[in-house]
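Now for the letters of each chain:
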Amino acid sequence: MKIVSSQDWRDAIRFDAPVLVADVVPGEATRCVACGADGPLYERTELWAVKHRHPKHHDGFVRFYCEAHKPAAPPPPPVAPVTAARTRAAAAPRAERRSASPRPTLITDRPTRTMCPDCFVEVSVGGDCGMCGAQVV
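Attention here is on the structure that accompanies the text. (Residues numbered from 1 in each chain as written. Predicted model: local features only at pLDDT ≥ 70, side-chain atom pairs only at ≥ 80, totals over all residues. Heavy atoms only, no water.)

A count of helices and strands for the chain gives two helices and five strands. Along its sequence from the N terminus, the chain presents helices and strands in the succession β-α-β-β-β-β-α. Within the chain, contacts between residues at least 6 apart in sequence are counted, and of these 40% link residues at least 24 apart. In the structure as shown, the chain presents an accessible area of about 11,800 Å², 56% of it carried by carbon and sulfur atoms. (Helix = DSSP H or I, 4+ residues; strand = E, 2+ residues; numbered from the N terminus. Contact = heavy atoms within 4.5 Å. Areas by Shrake-Rupley, 256 points an atom, 1.4 Å probe, with all protein chains shown as cover.)

The following block contains the structure:
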């Protein structure tokens, strides 16, 4: 059985990027997660949805924040510097690939094993079937 996650509105949100809740999911007024259960109700046009990463669930989880508690968007990842060795390697022609190691040849000279015609099991060296006791030549 293959278990897959369902498609819903949370899949459309990027990780760690604040999005207005009214743009992603309609509904009634709700609370900010940081303000707590006793906090005021906010309209969905005043709340921000942020999708956080989760160590055990690859889809992450979404929390709603008011303007005062909205987390800042993370800075873009730094660009990796190009090293001189890498630029030389890109300019140099690529070396020819080595051929793969030869595959082992199949052994086809194995003796065929004698099978009992009634039980379809391998018989002993003496020719006796261990299941029905028949002599197979």
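There's more to say after this.
This paragraph deals with the sheet that holds strand β4 (residues 48-52). Read across the sheet, three strands follow the order β1-β4-β5 without closing on themselves; strand pairing throughout is antiparallel. Strands with a single pairing partner mark the edges of an open sheet, and in this sheet they are β1 (19-20) and β5 (61-65). Strand direction decides the pairing type here: β4 and β5, joined by five bridges, are antiparallel. Bridge assignment links Trp48 to a residue of β5, and that residue is Tyr65. (Pairing = 2+ DSSP bridges.)

Our next topic: unusual backbone geometry. When glycine is set aside, most residues are seen to have a negative phi, and most peptide bonds are trans. At Asp16, a position not held by glycine, the phi torsion is positive, near 60°. Examined against the element boundaries, Asp16 turns out to sit in the segment before β1. Of note, the phi angle at Phe120 is positive, near 60°, even though the residue is not glycine. By the element assignment, Phe120 lies in the segment after α2 (84-91).

Glancing now at the environment of Met131. The topology assignment puts Met131 in the segment after α2. Sequence spacing of Met131 and Cys119 is 12 residues, and the spatial spacing of their C-alpha atoms is 6.9 Å. With sequence-adjacent residues up to four places away left out, Met131 is seen in contact with Cys119 and Val121.

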